[in-house]
Amino acid sequence: MRTEVINTESQCNAGTKRGAEIIKSGGLVAFPTETVYGLGANGLDGDAVRGIFEAKGRPADNPLILHIAKKSDVRRLWKKIPQHAQQLMDTFWPGPLTLIANRADIVPDEVTAGLDTVAVRLPADRTARELIAKSGVPIAAPSANRSGRPSPTTAAHVLADLGGRIPLILDGGPCKYGVESTVLSLVGRPTILRPGAITYEMISAAIGPVELAKCILEPLGEHETARSPGMKYKHYAPDASVVVVCGEPQRVAKYIGSECRRAELEGHIYRILATDQTIGYYKTKGSVSLGNRERPETLCANLFSALRGLDADTEVVYAEGIPETDEGLAYMNRLLRAAGFCVVRV
Ligand code: TXA
Ligand code: MG
């Protein structure tokens, strides 16, 4: 299959019109959102949704998010609007917050992977909104990567993973946030299942106490079940092994520096993911700054792209840990998963 790419920065109307035709006829379209690129299908058509799982190689027990174009569209997807939902929608939608509540009957099992809840979000990105509005249905969309790979933050990433497997990619340029939306369950006590750019601090300020799912910063125990099925899979992993080094920044840099000198003597190929504040400590060409550690959202924006950009021969990646506050929680959640929870504390 030939994969067409349409630039929606210059041709938003034509691109989303073509995309909507494909969605309405049961096909797949990759599109930008403010978080990462999504791989969309008609979210009310179980057969179309099955195509997403095939194209990505995604396990069938991992449910999808339904993307809508206006707040009121959520009414026919949820059984009822749970407590706090209206407040959250009014505060954070459109934007990178996904809300989970009990599903209505029209939502196909393929979307929810058989759960009786469904995740919904109203994205802020213009291309995404126009595509959904023109399609006239909620669009089911996971991140547009091959399963297990880092989520795509540019159309080129999508093409690398799914080129030849889908008919159309809408290219709206690089995504603003670079990590996937915050996933918040409103079934029972409000619980963050996946942290994102709408932070724990922002949500608690809006609705009061919120819980954090245990598996955000720790691996699942052998006999534990994940409340969010996506949390049990290995994720975002590059071919190289990733080591996260946590501690006071100067000590971290000293530790990584000495590990890299050793790696070099032994002939290993390594890379360092540093920050603006620490890049000066590394006198080696294998280091790159992902952004300002005082503004963790800048690190989030570059992480997946950096993981994808590693040379194929890279063996080890040393990455600096940062405090898990504000967007730092989302950053550490993705980084720890990419590292398979391999952490050194210094
Ligand atoms: O920013 C995003 O959320 C992107 C863009 C494309 O919107 N989408 C995204 O989708 O990251 P995906 O499928 O890669 O991640 C969705 C996560 C998974 O971890 C999944 O298990 C969880 O949300 N999820 C979806 N529905 C759920 C449900 N009903 N209950 C619990 N977890 C759910
Ligand atoms: Mg994903």
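Residues numbered from 1 in each chain as written. Chains lettered and ligands numbered in written order. Predicted model: local features only at pLDDT ≥ 70, side-chain atom pairs only at ≥ 80, totals over all residues. Heavy atoms only, no water.

S.K.: An account of the pattern of salt bridges is requested, with residue identities and associated values reported.
M.R.: Counted under the stated rule, the structure contains 19 salt bridges. Ionic pairing is found between Lys134 and Glu130, a salt bridge with its closest N-O pair at 3.3 Å. Residue Lys134 and its partner Glu130 are both found in helix α5 (residues 126-135); the two are separated by 4 residues, about one turn of the helix. Of the residues examined, Lys134 reaches a relative accessible area of 27% and is grouped as partly exposed. On the accessibility criterion, Glu130 (23% relative accessible area) is partly exposed. The salt bridge partner of Glu259 is Arg262, with a shortest N-O separation of 3.4 Å. You can see Glu259 and its partner Arg262 sitting in helix α8 (residues 249-265), 3 residues apart, about one turn around the helix. A relative accessible area of 15% places Glu259 in the buried class. (Salt bridge = Lys/Arg side-chain N within 4 Å of Asp/Glu carboxyl O. Helix = DSSP H or I, 4+ residues; strand = E, 2+ residues; numbered from the N terminus. Buried < 20%, exposed > 50% of the residue type's maximum accessible area, 1.4 Å probe, protein only.)

S.K.: Describe the sheet that holds strand β11 (residues 211-212), with residues and values.
M.R.: The sheet built from 11 strands is open, its strands ordered β1-β8-β2-β3-β7-β4-β6-β5-β9-β10-β11 with mixed pairing. Because the sheet does not close on itself, it has two edges, and the strands there are β1 (4-7) and β11. Where helix α3 (residues 85-92) meets the sheet, it contacts β5 (97-102) and β9 (182-185), and its direction lies at approximately 160° from that of β5. (Pairing = 2+ DSSP bridges. Contact = heavy atoms within 4.5 Å. Axes fitted to C-alpha atoms, helices over the stretch in contact; angles between N-to-C directions.)

S.K.: Provide a residue-level description of α5, including the pertinent values.
M.R.: Taken together, the buried positions of α5 are Thr127, Ala128, Leu131, Ile132 and Ser135. For α5, the angular spread of the buried residues around the axis is 125°, confining them to a single face. Facing away from the buried side of α5, by more than 90 degrees, are the exposed residues Arg126 and Ala133. Backbone geometry just after α5 places Gly136 at a positive phi near 75°. (Arc of directions from axis to C-beta.)

S.K.: So what's going on with unusual backbone geometry? Residues and values would help.
M.R.: That bond from Trp93 to Pro94 is cis: its omega, -5°, falls within 30 degrees of zero. Looking at where Pro94 falls in the secondary structure, it is placed in the loop between α3 and β5. A positive phi angle, near 75°, is found at His84, a position not held by glycine. Assignment of secondary structure puts His84 in the loop between β4 (65-67) and α3. Assessed through its relative accessible area of 26%, His84 is described here as partly exposed. The backbone of Ala113 shows a phi angle near 55°, a positive value even though the residue is not glycine. Structurally, Ala113 is set in the loop between α4 (109-112) and β6 (117-121).

S.K.: Before we move on, could you go through the pairing of strand β15 (residues 316-320) and cite the residues and values that matter?
M.R.: Within β15, 5 of the 5 residues are buried, which leaves it mostly tucked inside the rest of the structure. Of the two faces of β15, both are covered, the one formed by Val316, Tyr318 and Glu320 as well as the one formed by Val317 and Ala319. Relative to β15, strand β12 (residues 241-246) runs parallel, the two being bridged by 5 bridges. The partner of Val245 across the bridge, within β15, is Glu320. Bridge count for strand β13 (residues 270-274) against β15 is 4 bridges, and the pairing is parallel. Pairing of Ile272 across the sheet is with Tyr318, part of β15.

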